[in-house]
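Residues per chain are reported as follows:
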Amino acid sequence: MNDSNQKKTTHFGYREVPVEEKAALVGGVFHSVARKYDLMNDVVSLGTHRLIKRFTLELSAVRPGQRVLDLAGGTGDFSLLFSPRLGEKGQVVLADINESMLRVGRDRIIDAGNPGNISYSLANAECLPFADESFDCICIAYGLRNVTDKDAALRSMYRTTKIGGRVLILEFSTPRNPLLGKAYDLYSKFWPIAGKIVLNDAASYQYLVESIRMHPNQETLRDMVLAAGFQRCEFHDVMGGICAIHIGYRDAA
Amino acid sequence: MSLGLLQSALLLPLEAAVNALLALDPLTQNHLRPFEGQTLAIRCTEPSLQLFISVHAAKLSLSPVCGAQPNATLTGSATALLKLLARGGKAHNLHGTGVSLDGSTALVGGLREVLTELDLDWEYHLSRITGDLPASALGRVAERTRTTVARSGARLREDLSDYLTQERGLTPHRHEVEAFYAAVRELDLRLDRLQARLAAFDAS
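All values derive from a computational prediction rather than experimental measurement.

What counts, and where the lines are drawn
- Residues numbered from 1 in each chain as written.
- Chains lettered and ligands numbered in written order.
- Predicted model: local features only at pLDDT ≥ 70, side-chain atom pairs only at ≥ 80, totals over all residues.
- Heavy atoms only, no water.
- Helix = DSSP H or I, 4+ residues; strand = E, 2+ residues; numbered from the N terminus.
- Rg over C-alpha atoms; globule rule 2.2 N^0.38 Å.
- Buried < 20%, exposed > 50% of the residue type's maximum accessible area, 1.4 Å probe, protein only.
- Pairing = 2+ DSSP bridges.
- Axes fitted to C-alpha atoms, helices over the stretch in contact; angles between N-to-C directions.
- Contact = heavy atoms within 4.5 Å.
- Patch = residues over 30% accessible without salt bridge, like charges linked within 9 Å, V, L, I, M, F, W, Y side chains within 5 Å.
- Areas by Shrake-Rupley, 256 points an atom, 1.4 Å probe, with all protein chains shown as cover.
- Salt bridge = Lys/Arg side-chain N within 4 Å of Asp/Glu carboxyl O.
- Expected span 1.5 Å × (residues − 1).
- Polar contact = N/O pair within 3.5 Å; in protein donor to acceptor, adjacent residues only side chain to side chain.
- Lys, Arg positive; Asp, Glu negative; His and termini not counted.
- Charge placed at Lys NZ, Arg CZ, Asp CG, Glu CD.
- Buried area = accessible area lost by both parts, 1.4 Å probe.
- Phe/Tyr/Trp six-rings, centres within 6.5 Å; stacked < 30°, edge-to-face > 60°.

Chemist: How should I be thinking about the overall build of chain B in this particular structure?
Modeler: Across its full length, chain B holds seven helices and five strands. Along its sequence from the N terminus, chain B presents helices and strands in the succession α-α-β-β-β-β-α-β-α-α-α-α. Computed over its C-alpha atoms, the radius of gyration of chain B comes to 25 Å, more than 25% above the 17 Å expected for a compact globule of 204 residues. Considering only C-alpha atoms, chain B reaches an extent of 80 × 50 × 35 Å along its principal axes. When burial is assessed residue by residue, chain B has 28% of its 204 residues classed as buried.

Structure below.
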């Protein structure tokens, strides 16, 4: 690493790739799956992702008139959940780094009769194009795992969260029970096959499986949230730790 | 938290049903608007459960978790909470119900009113699906059934009471019970008087 000729690397699934290439590789995955992303989510999670998102929504404690950033919001399902809770004076910004995903999300919201309080932003989580203290709540669901520099993304989220606001990170995590872990490992071997059947794309779901394994566990992610500047962080295991919801609070300095 | 997810799954159809009913009664739905964004927590002590009812866009949201401080909290056992929901009168009159309230009484009263006083014109909504004549006929059948069930229920209660008291002699008659209570009250008063007299003798 100290050698100036040696490039910095990061993981893309189990592969080590140059840092600057990861975003493009992840972009390729999501360009490929954008069309049927929600259908595939239903297939691999057996529909539970909808319940988990509802659960996260309740923990967000958003109120009418607030501003929410749905980061890596992709197909917009979370934005549509937030929208009625914020009312006419509130706002949801649906942001994603991937144009295909954002396009699918925008079309879906328009088809749902655009509630009028959702706007869109093609944005990189590592350097959010918003002013300091812009949002009462930032939510990133199943997105942080794909970000190249997670620490930079968390710092960027901290900067744009209002004092008194919170960040919610919903992400795959590490099952607490080894037996559950084994069963989950076994089940996730089916995902690339499902990807092949539904999307004719097994590689993207192979990446999904590998990226989940490489994602930090609950405690490590909590430390990362605190290191980014958030004063408090708590996490809730969902389904025995298969997923976890981290909540970082930005209190007055 | 997995249990919470399961509760969430169980609450979803209930929430959908309540909101579908609310959608049929816009007047009641309007009663929710002053409580927009507010949350009522119901903490059941036996069994240990909690439910959060929030108002969003004139709809109700039911959830086992809530990230915000609720505006009002009702605490009590399952039976006490159900009795409170079932009984008439003002919701904030909690005396002797075994339920305690912390926070906004207006929210509790408003939500209880909405949940218990949904006034749906079933016949009208049915007529939109089946047409006027079948809806009217079904309405008459439903009304006749309701009256018959209510009358039969009242008669069954009376007959059962007569059977237990007079045929089997398992329970005393109401007049006997009242006479017994009156005797106990009289005895209680006499004892009090005797105790007072003894206290007066001791003092002198």
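Chemist: Whenever I open this one, the sheet that holds strand E5 (residues 100-103) of chain B confuses me. Can you help?
Modeler: Strands pair in a sheet through their backbones, by hydrogen bonds, and they do so in one of two ways: parallel or antiparallel. All names here are of chain B. The five strands are arranged E3-E2-E1-E4-E5 in an open sheet whose pairing can be described as mixed. Looking at strand neighbours, the two that pair on one side only are strand E3 (59-63) and E5, the edges of this open sheet. When strand polarity is set aside, the average angle formed by the axes of neighbouring strands in this sheet is 15 degrees. In this sheet, strand E4 (residues 72-76) lies alongside strand E1 (residues 39-44) in parallel orientation, the contact comprising five bridges. Counted as the bridge partner of isoleucine 42 is leucine 74 from E4.

Chemist: What is the right way to look at the side chain of histidine 215 of chain A in this model?
Modeler: As for its position among the elements, histidine 215 of chain A is in the loop between helix H9 (202-214) and helix H10 (218-227). Setting aside anything within four residues of it in sequence, one finds histidine 215 of chain A in contact with Leu144, Arg145, Lys150, Glu171, Phe172 and Leu221 of chain A.

Chemist: What's the story with a nonpolar patch on the surface in this structure? I'm lost.
Modeler: Residues and elements named next belong to chain B. On the surface, Leu187, Leu191, Leu194, Leu198 and Phe201 cluster together into a nonpolar patch covering about 540 Å² of accessible area. For leucine 194, the location among the structural elements is in helix H7 (residues 174-203). You can call leucine 194 partly exposed: its relative accessible area is 49%.

Chemist: Would you explain the side chain of threonine 73 of chain B in this entry?
Modeler: Residues and elements named next belong to chain B. One can find threonine 73 in strand E4. Note on threonine 73: relative accessible area 13%, which makes it buried. The contact partners of threonine 73, leaving out residues within four places of it in the chain, are Leu40, Ala41, Arg43, Ser100, Leu101 and Asp102.

Chemist: I tried to follow helix H4 (residues 105-116) of chain B on my own but got confused; where do I start?
Modeler: Residues lying three or four places apart along an α-helix face the same way, a consequence of the helix completing one turn every 3.6 residues. All names here are of chain B. The terminal C-alpha atoms of H4 lie 16 Å apart, and with twelve residues this matches the ideal 16 Å at 1.5 Å per residue to within 8%. Restricting attention to buried positions, one finds in H4 the residues Leu107, Val108, Gly109, Gly110, Leu111, Arg112 and Val114. For H4, the N-terminal capping position is held by serine 104, with its side-chain oxygen 3.4 Å away from the main-chain nitrogen of alanine 106.

Chemist: What is the right way to read a negative patch on the surface from this model?
Modeler: Residue and element names in this part refer to chain B. A cluster of acidic residues, Glu158, Asp159, Asp162 and Glu167, forms a negative patch on the protein surface. Secondary-structure assignment places glutamate 158 in helix H6 (residues 132-167). By relative accessible area, glutamate 158 is classed as exposed at 52%.

Chemist: Just checking my understanding: could you explain the pairing of strand E8 (residues 232-238) of chain A for this structure?
Modeler: Regular strands place side chains that alternate from one sheet face to the opposite one. All names here are of chain A. In this sheet, strand E9 (residues 243-249) lies alongside E8 in antiparallel orientation, the contact comprising seven bridges. In the sheet register, arginine 232 faces E9, and the bridge partner there is tyrosine 249. Remark: four residues form the turn of the hairpin made by E8 and E9, two consecutive strands paired antiparallel; methionine 239 in that turn has positive phi of roughly 50 degrees.

Chemist: How should I be thinking about the interface of chain B and chain A in this particular structure?
Modeler: Size of an interface: often given as the accessible area lost when the parts come together. Contact residues are listed per partner, giving 20 residues for chain B and 16 residues for chain A. Here chain B meets chain A over a buried area of about 1,500 Å², counting both sides, of which 67% is carbon and sulfur. In this structure, the connection of chain B to chain A is made through one salt bridge. As a salt-bridge pair, arginine 54 of chain A and glutamate 15 of chain B come within 2.9 Å of each other at their nearest N and O atoms. For the interface between chain B and chain A, the tally reads seven residue pairs in polar contact (both at pLDDT 80 or more).

Chemist: Can you help me understand the packing of aromatic side chains in this one?
Modeler: All names here are of chain A. On inspection of all chains with the given rule, the structure shows nine aromatic pairs over all chains. Between tyrosine 142 and phenylalanine 172 the ring centres are 5.0 Å apart and the planes differ by 40 degrees, which places this aromatic pair in the tilted class. Of the two residues, tyrosine 142 is situated in the loop between strand E6 (135-141) and helix H6 (150-160) and phenylalanine 172 in strand E7 (residues 161-172); the sequence distance between them amounts to 30 residues. As far as burial versus exposure is concerned, tyrosine 142 and phenylalanine 172 are alike and both buried.

Chemist: What should I look at first to understand the pattern of salt bridges in this one?
Modeler: A side chain with one charge may pair with a side chain of the opposite charge, provided their charged atoms come close. According to the stated counting rule, one finds 18 salt bridges over all chains in the structure shown. The salt bridge involving lysine 53 of chain A is made with aspartate 77 of chain A; its shortest N-O contact spans 2.7 Å. Taken together, the residues span a long stretch of sequence, with lysine 53 of chain A in helix H3 (residues 48-60) and aspartate 77 of chain A in helix H4 (residues 77-86) at a distance of 24 residues. Under the relative-accessibility criterion, lysine 53 of chain A is labelled buried at 7%. One salt bridge connects arginine 103 of chain A with glutamate 99 of chain A, and the closest N-O pair in it is separated by 2.3 Å. Of this pair, arginine 103 of chain A and glutamate 99 of chain A both sit in helix H5 (residues 99-111), four residues apart, roughly one helical turn. Taken together, the shared-partner salt bridges connect Arg54, Glu58 and Arg85 of chain A together with Glu15 of chain B into one network.

Chemist: I would appreciate a short explanation of H6 of chain A in the present structure.
Modeler: Most of H6 of chain A sits out of view: eight of its eleven residues are buried. Capping the start of H6 of chain A, aspartate 149 of chain A holds a side-chain oxygen 3.3 Å from the backbone nitrogen of aspartate 151 of chain A, two or three residues further along.

Purely spatial values, then, with no claim about function.
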